[in-house]
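Analysis of the macromolecular model
What follows is the residue order along each chain.
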Amino acid sequence: MNTQLLTSRPGVRRSPRRAVDPFDGQHRRRLLRADLLTVLFWASVAGAVALWLADGGAAGFTSASGSFTALGIVAGLAGMDLVVLMLLLAARIPLIDNTVGHDRALEFHRKLGKPALYLLLAHGILIAIGYGMAEGLDPVSEAVALWVLVPDMWLAYISMLLFIAVVVTSLVAVRRRFPYEFWYAVHLLTYAAVLTALPHQFSVGGLFAEGTWQRWYWLALCIGTGAALAYYRVAQPLVASFRHQLTVKRVVPVAPGVVSIEMSGLRLDQLAGSGGRFFIWRFLAPGLWWHPHPFSLSADPVRFDDAGQGTLRITVRNLGRGSAQLASLKPGTKVALEGPYGLFSTAARSRNRVVMVGAGIGITPVRALLESTPFQPGNATVILRGHSESELYLGQEILELCQRRGATLFHLTGPRPAGVRTWLPENSARAGHRLASYDPNIADADVYVCGPAAWAQSVLGDARAAGVREDQLHYERFDW
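The present account deals with the structure reproduced in this document. (Residues numbered from 1 in each chain as written. Predicted model: local features only at pLDDT ≥ 70, side-chain atom pairs only at ≥ 80, totals over all residues. Heavy atoms only, no water.)

In this section: the packing of aromatic side chains. Under the defined criterion, the tally for this structure stands at 10 aromatic pairs. Aromatic side chains Trp147 and Tyr157 sit 5.2 Å apart centroid to centroid with 85° between the ring planes, which places their arrangement in the edge-to-face category. On the criterion of sequence distance, the pair formed by Trp147 in helix 5 (residues 139-149) and Tyr157 in helix 6 (residues 153-170) is long-range, its members being 10 residues apart. Take Trp147: its relative accessible area is 42%, and that puts it in the partly exposed class. Each ring, one from Phe279 and one from Trp281, has its centre 5.4 Å from the other, and the planes form 45°; the classification is tilted. (Phe/Tyr/Trp six-rings, centres within 6.5 Å; stacked < 30°, edge-to-face > 60°. Helix = DSSP H or I, 4+ residues; strand = E, 2+ residues; numbered from the N terminus. Buried < 20%, exposed > 50% of the residue type's maximum accessible area, 1.4 Å probe, protein only.)

Right, dumping it as structure tokens:
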């Protein structure tokens, strides 16, 4: 184990704990946006049901069969609204991404999957029971009759099967059994499921009759969601790729299994200040163009001239077949990009002090954040973790940045102790060190963590134990 304490300006005065905080305003605004988005999201579900009730839906509760049918309609409206919300959360809308972060938006997207499916299943079952009671049929016979006799209902059945396929393949235990590409292809069926669910809503039973507020609400919601997906998932990445004209300049070995990919392009100054945020890269070479790679910049773009021409860099570790192929990229390979995404940047800051903790390839976004985020000398601590010095990727660059900017740097190397769940190397753990040992004022700092998932959770737990509040913890997960 090797621990180093490195500062460029010994004796520098630390900022007072109660100093004016330039990040307080942006932090409050972000929390307010998060609250407003939460209210709007849940209000949309309540609004869908309220509009149905306002159009006379409550009249269905006057009989047993009508009550089952009415409950089925309510379940269908709520379930479909949740599906639309899921699509909006996955649309990479900047307002959502800049408020809660890309990973948390997708986490909420995944959590809505099961409730949405259960509501849609309840919709189908309750409708079959209610209609069957009114016509003297059992639910199974009524379901068959609906398939055969009612226009567009067969599309609703197909939609349900597609939703089931998407939710089942999204379960962690199932998803790990298949390559990412297979899961991603199946997940695209969500769009087909929504499209096949819509026709029966507008054509069956006058639910969304002409001139009703319900009809206008659902038309606006569906058209707006489709437009957001088309713009942010398709049009904007195409425009960005055309605008920046990125090409691979060279591939530079950093360590065994790790390379830096340098790219040149136009107007790269527009990408500056992204800090540790990540982009989705597609390298337009045979066998690679269809594979998306979520990588952070490992350095801010370098500008050559007034036209914005310059270079940027990502640093990649061989973690599978897809990333291994990147080491053999040829100079001149065209590159498409999407982003930037996430909140691993200055936009998430809430305090004057900042602590950055990185392990393995997670060190690279820490290096980019260190380069760009503002802080006074003495108000930043950087902790790099690896099994050996060779795993402290870009360590020399980070050392030079810390010396230039007045940050404190720790190198923590060595294996973890057997049988102990900790993010620290054995010697530090045995000595009783904690995250607060490296920055005693950590409770009044923003803490950025990037590294393997289990390791990062251990760091975050240590930070919480040291008194760091949840809104001061910033951890971007790339396991999307």
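Moving on, we get to helix 16 (residues 453-465). When the terminal C-alpha atoms of helix 16 are compared, their 18 Å separation across 13 residues agrees well with the 18 Å that a helix rising 1.5 Å per residue should span. When we look at burial in helix 16, the residues that qualify are Trp455, Ala456, Ser458, Val459, Leu460, Asp462 and Ala463. Looking at the buried positions of helix 16, the neighbouring elements they touch are strand 8 (353-359), strand 9 (380-386), helix 15 (435-438), strand 11 (445-450) and strand 12 (473-475). The first or second residue beyond helix 16 is Gly467, which carries a positive phi of 100°. (Expected span 1.5 Å × (residues − 1). Contact = heavy atoms within 4.5 Å.)

Turning our attention to helix 12 (residues 363-372). With eight of 10 residues buried, helix 12 is to be regarded as a mostly interior element. Where helix 12 is buried, its residues meet strand 5 (293-303), strand 6 (310-317), strand 8, strand 9, helix 13 (395-405) and strand 11.

Cis peptide bonds are those with omega within 30 degrees of zero, and the linkage from Gly339 to Pro340 qualifies with 10°. One can find Pro340 in strand 7 (residues 334-341). The phi dihedral of Gln245 is positive, around 50°, even though this residue is not glycine. As for its placement among the helices and strands, Gln245 is situated in the loop between helix 10 (213-244) and strand 2 (246-255).

As a working rule, side chains carrying opposite charge can pair if their charged atoms are close by. In total, this model carries 16 salt bridges according to the counting rule given. Across the pair Arg250 and Glu262 runs a salt bridge, and its minimum N-O distance is 2.8 Å. Remark: Glu262 occurs in strand 3 (residues 258-265) and Arg250 occurs in strand 2; sequence separation between them is 12 residues. Take Arg250: its relative accessible area is 45%, and that puts it in the partly exposed class. The class for Glu262 is buried, based on a relative accessible area of 16%. It is possible to trace a salt-bridge network through shared partners that takes in Arg313, Arg367, Glu371 and Glu397. (Salt bridge = Lys/Arg side-chain N within 4 Å of Asp/Glu carboxyl O.)

The next subject is the sheet that holds strand 6. Around the barrel, which closes on itself, the six strands sit in the order 2-3-6-5-4-7 with antiparallel pairing between neighbours. Across the sheet, the mean angle from the axis of one strand to that of its neighbour is 40°, orientation sign disregarded. Bridge count between strand 4 (residues 278-283) and strand 7: five bridges; the pairing is antiparallel. If you follow Ile280 over to strand 7, its bridge partner there is Glu338. (Pairing = 2+ DSSP bridges. Axes fitted to C-alpha atoms, helices over the stretch in contact; angles between N-to-C directions.)

Let us now look at the environment of Val150. By secondary structure assignment, the location of Val150 is in the loop between helix 5 and helix 6. A relative accessible area of 22% places Val150 in the partly exposed class. Spatially, the C-alpha atom of Val150 lies 9.4 Å from that of Ser203, the residues being 53 residues apart in sequence.

Right, let's get into the side chain of Asp462. Within the fold, Asp462 resides in helix 16. No salt bridge is formed by the buried Asp462; the nearest opposite charge belongs to Arg434, separated by 4.8 Å. Once you skip the residues sitting within four places of it in the chain, Asp462 turns out to touch Trp423, Arg434 and Leu435. (Lys, Arg positive; Asp, Glu negative; His and termini not counted.)

Before going further, it helps to examine the nonpolar core. Formed by 43 residues in total, the largest nonpolar core has its most connected members in Leu85, Ile96, Phe163, Val194 and Trp218. When contributions to this core are tallied by element, the ones reaching two or more residues are helix 1 (24-54), helix 2 (64-89), helix 4 (102-135), helix 6, helix 9 (189-203) and helix 10. A per-element tally of this core places helix 2 first, with 13 residues. Not counting residues within four places of it along the chain, the set of residues in contact with Leu85 comprises Phe41, Ser44, Val45 and Leu112. (Core = buried A, V, L, I, M, F, W, Y, C linked by side-chain atoms within 4.5 Å.)

For the rest of this paragraph, the subject is the pairing of strand 3. Residues in a regular strand point their side chains to alternate faces of the sheet. The buried fraction of strand 3 amounts to seven of the eight residues, a majority that puts the element mostly inside the structure. Sheet analysis places strand 2 next to strand 3, joined by seven bridges and oriented antiparallel. Each residue of the ladder has a partner; that of Arg250, found in strand 3, is Glu262. Linking strand 2 to strand 3, which pair antiparallel, is a turn of two residues; within it Gly257 sits at a positive phi near 80°.

Interaxial distance between helix 2 and helix 4 falls to 7 Å at its minimum, and their mutual angle equals 160°. In terms of axis orientation, helix 2 runs roughly antiparallel to helix 4. For the pair helix 2 and helix 4, the sense of crossing is left-handed. Each residue belonging to the contact of helix 2 with helix 4 can be placed in one class, and the counts come to 27 nonpolar, nine polar and no charged. (Parallel < 35°, antiparallel > 145°, perpendicular 65-115°, else oblique. Left-handed = near helix turned anticlockwise from the far one by under 90°. Nonpolar A, V, L, I, M, F, W, Y, C, P; charged D, E, K, R; others polar.)

Remember, this is a structural readout, not a statement about activity or role.
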